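As a plain string of letters, each chain reads:
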Amino acid sequence: MDTVTRPRILVVGAGFAGVECVRRLERRLAPNEADLTLVTPFSYQLYLPLLPQVASGVLTPQSVALSLRRSEKYRTRIIPGGAIGVDLKSKVCVVRSVNGEIVNEPYDYIVLAPGSVTRTFDIPGLTDHAFGLKSLAEAAYLRDHVISQLDLADASHDPAERASRLQFVVVGGGYAGTETAACLQRLTHAAVKRYPRLDPGLIKWHLIDIAPKLMPELGEKLGRSAQEILTRRGIEISLGVSIAKAGAEEVTFTDGRTVPTRTLIWTAGVVASPLIATLDAETVRGRLAVNADMCLPGHDGVFALGDSAAVPDVAKGDDAVCPPTAQHALRQGRHVAENVIAALRGQPTRPYVHKDLGLVVDLGGTDAVSKPFGLELHGLPAQAVARGYHWSALRTGVAKTRVMTNWLLNAVAGDDFVRTGFQAHRPGSLRDFEYLDAYLTPEQVRQHVTEAGRAAR
């Protein structure tokens, strides 16, 4: 078969869903059946659930970045860039490459798995002064920032400045926020012992969330257990509270309190990638509305999954949709690959059905709460389950070895509290890492594709 006539399968996004889809397609399709292309800004798959451990220094950044170019056996062409628009009618994906060039990538089948971005609100100063934790760069930057606050506080002769640098605020009582607060609190608690001029009592961590409960998905008992663990460590938890205003040196809560701080960490949820808005298609709370087989209604050859798609949760029934978790993304990736193959071969597609396996929350050290298969665990057994789940979910043996080695080394030798300083002179707020202004509007996508078509003729 001539190469030109082979169907073109384009996968957007190298997260859990996208990479699992690509790897399944490579295994199940013969080389002459289709051309495979993956669009991603970075040539690695990031294991997001372990980012709090990168920020706290338990794991090195490289250990959670699984290279897509390490093996020679993979045949997928990787386009280093970001998808900034999709024209469904013309079957063209608009890509901004890493060198800034905008190119059109045609496809016959497209799998949309661009993931999500941090959910923000119209809060004065939020995007200018808050730090996020959705990328490897943010995790590395946050670790440097937290350690630098200890250094700057140690060097300061102003009691007010010293106190503000030693207060930290985390917004978001979900898994990401709770694990981030827990892991970074352990980091500062251990590090301050190396600063004899600093009073450990000045270090204060605040975890706030607008919800009435901490991690309600865990249930009343485990949620309360996690809250007790954090409170025992000295983390002040405020529920039913959010941020009213954020500044460079203080944060104002919605209950009227003002906390002097130089560190505001925002983990209050995610929203679908702005790429979804360029399709001009129906959405459910910002996520692309798809059928149970993850096909986009009314558009042949278009599939969507992961954080950016509202995939019906058939196992729960009613109008439930699958939550944006790694557990679902992994399985959706494999399933959508089978459906793409079925569509390619003229066979019927199958609906995605998966029963939730449970939840794990690693609070650092021997502290954790887990709910595997509905069984409630806390303490060391929960920690074993949490780390065992994450370890087994890592895609490569190299990644598993690195993570296990990091865990063992940290448990035995502790941390060196080293900051790299690579990004010390660069801003690192939410505004600087999300690149939200890179995406096109649906009208701009159509105009770009039309003009490119005319130029080609």
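Residues numbered from 1 in each chain as written. Predicted model: local features only at pLDDT ≥ 70, side-chain atom pairs only at ≥ 80, totals over all residues. Heavy atoms only, no water.

Under the annotation held in an unreviewed UniProt entry, the protein chain carries the name NAD(P)/FAD-dependent oxidoreductase and is attributed to Streptomyces heliomycini. In its Sequence similarities (unreviewed entry) section, the UniProt entry covering the protein chain states "Belongs to the NADH dehydrogenase family." (UniProt positions renumbered as here; feature names shortened; annotations may be inferred.)

## A look at the overall build of the protein chain
Tallying secondary structure elements over the protein chain gives 12 helices and 25 strands in all. Whereas a compact globule of 457 residues would reach a radius of gyration of roughly 23 Å, the protein chain reaches 23 Å, a difference of no more than 12%. In terms of its C-alpha atoms, the protein chain occupies a principal-axis envelope of roughly 75 × 50 × 45 Å. Taking all 457 residues of the protein chain together, 51% fall into the buried category. Of the roughly 21,000 Å² of accessible surface on the protein chain, 53% is carried by carbon and sulfur atoms. Charge centroids of the protein chain, computed over 51 positive and 48 negative side chains, lie 5 Å from each other. (Helix = DSSP H or I, 4+ residues; strand = E, 2+ residues; numbered from the N terminus. Rg over C-alpha atoms; globule rule 2.2 N^0.38 Å. Buried < 20%, exposed > 50% of the residue type's maximum accessible area, 1.4 Å probe, protein only. Areas by Shrake-Rupley, 256 points an atom, 1.4 Å probe, with all protein chains shown as cover. Lys, Arg positive; Asp, Glu negative; His and termini not counted. Charge placed at Lys NZ, Arg CZ, Asp CG, Glu CD.)

## Describing a nonpolar patch on the surface
A cluster of nonpolar side chains, Trp391, Met404 and Leu408, forms an exposed patch at the surface whose accessible area comes to about 270 Å². Exposure remark for Trp391: the relative accessible area of 32% places this residue in the partly exposed category. (Patch = residues over 30% accessible without salt bridge, like charges linked within 9 Å, V, L, I, M, F, W, Y side chains within 5 Å. Salt bridge = Lys/Arg side-chain N within 4 Å of Asp/Glu carboxyl O.)

## Describing unusual backbone geometry
Its identity is not glycine, yet Lys91 carries a phi of approximately 55°, on the positive side. With respect to the helices and strands, Lys91 occurs in the loop between strand 5 (77-87) and strand 6 (92-97). Using a relative accessible area of 27% as the deciding quantity, one classes Lys91 as partly exposed. At Asp280, a position not held by glycine, the phi torsion is positive, near 60°. Among the secondary structure elements, Asp280 is positioned in the loop between strand 18 (270-272) and strand 19 (283-284).

## Observations regarding the sheet that holds strand 5
The strand order across the open sheet built from 7 strands is 7-6-5-2-1-8-21, with neighbouring strands paired in mixed fashion. In the strand order of this sheet, the two ends are held by strand 7 (102-106) and strand 21 (302-304), each with one partner. For this sheet the average axis-to-axis angle between neighbouring strands, irrespective of direction, equals 35°. Here 5 bridges tie strand 1 (residues 8-12) to strand 2 (residues 35-40), and the two strands are oriented parallel to one another. By the bridge assignment, Val12 is partnered in strand 2 with Val39. Contacts between helix 1 (residues 16-28) and the sheet are confined to strand 1, strand 2 and strand 8 (109-112), with strand 1 contributing the most and set at about 155° to the helix. Packing against the sheet, helix 12 (residues 442-456) makes contact with strand 5, strand 6 and strand 7, and its axis sits at approximately 115° to strand 5. (Pairing = 2+ DSSP bridges. Axes fitted to C-alpha atoms, helices over the stretch in contact; angles between N-to-C directions. Contact = heavy atoms within 4.5 Å.)

## Considering the side chain of Ser238
Mapped onto the elements of the fold, Ser238 is located in strand 13 (residues 235-239). One polar contact links Ser238 to Arg257, side chain to side chain, over a distance of 2.9 Å. When near neighbours in sequence (up to four residues on either side) are disregarded, Ser238 contacts Leu207, Ile208, Asp209 and Arg257. (Polar contact = N/O pair within 3.5 Å; in protein donor to acceptor, adjacent residues only side chain to side chain.)

## Here we look at the packing of helix 1 against helix 8 (residues 326-344)
It is the contact of helix 1 with helix 8, at a shortest axis distance of 7 Å, that shows an interaxial angle of 35°. For the element pair helix 1 and helix 8, the recorded crossing hand is right-handed. The segment helix 1 lies against helix 8, with Phe16, Ala17, Glu20, Cys21, Arg24, Leu25 and Arg28 engaging Ala326, Ala329, Leu330, Gly333, Arg334, Val336, Ala337, Glu338, Val340 and Ile341. Within the contact of helix 1 with helix 8, the residues separate by chemical class into 11 nonpolar, 1 polar and 5 charged. (Left-handed = near helix turned anticlockwise from the far one by under 90°. Nonpolar A, V, L, I, M, F, W, Y, C, P; charged D, E, K, R; others polar.)

## Notes on the pairing of strand 17 (residues 263-266)
Every second residue of strand 17 is oriented toward a common face, with Thr263 and Ile265 on one face and Leu264 and Trp266 on the other, all of them buried. Inspection of the sheet shows strand 10 (residues 130-131) paired to strand 17 by 2 bridges, in the parallel sense. Within the sheet, the bridge partner assigned to Phe131 lies in strand 17 and is Ile265. Pairing analysis gives 4 bridges linking strand 11 (residues 167-171) to strand 17, with the strands arranged parallel. Within strand 17, the position partnered with Val171 by the bridge is Trp266.

## Description of the nonpolar core
Leu25, Val86, Ile110 and Leu112 are the most contacted members of the largest nonpolar core, which totals 111 residues. Judged by nonpolar contacts, the second largest core, of 16 residues, contains Leu126, Val241, Val259 and Trp266. (Core = buried A, V, L, I, M, F, W, Y, C linked by side-chain atoms within 4.5 Å.)

## Concerning the packing of aromatic side chains
Here a ring pair, both rings aromatic, is described through the centre-centre distance and the interplanar angle of the planes. Counted by the stated rule, this structure contains 6 aromatic pairs. Centre to centre, the rings of Phe121 and Trp266 are 6.2 Å apart; their planes meet at 70°, and the pair counts as edge-to-face. Separated by 145 residues along the polypeptide, Phe121 in the loop between strand 9 (116-118) and helix 3 (126-129) and Trp266 in strand 17 bring together distant segments of the chain. Chaining the aromatic ring pairs together yields one cluster made of Phe131, Tyr141 and Phe433. Residue placement shows Arg23 over the ring face of Tyr74; its charged tip is 3.4 Å from the ring centre. (Phe/Tyr/Trp six-rings, centres within 6.5 Å; stacked < 30°, edge-to-face > 60°. Lys NZ or Arg CZ within 6 Å of the ring centre and 35° of its normal.)

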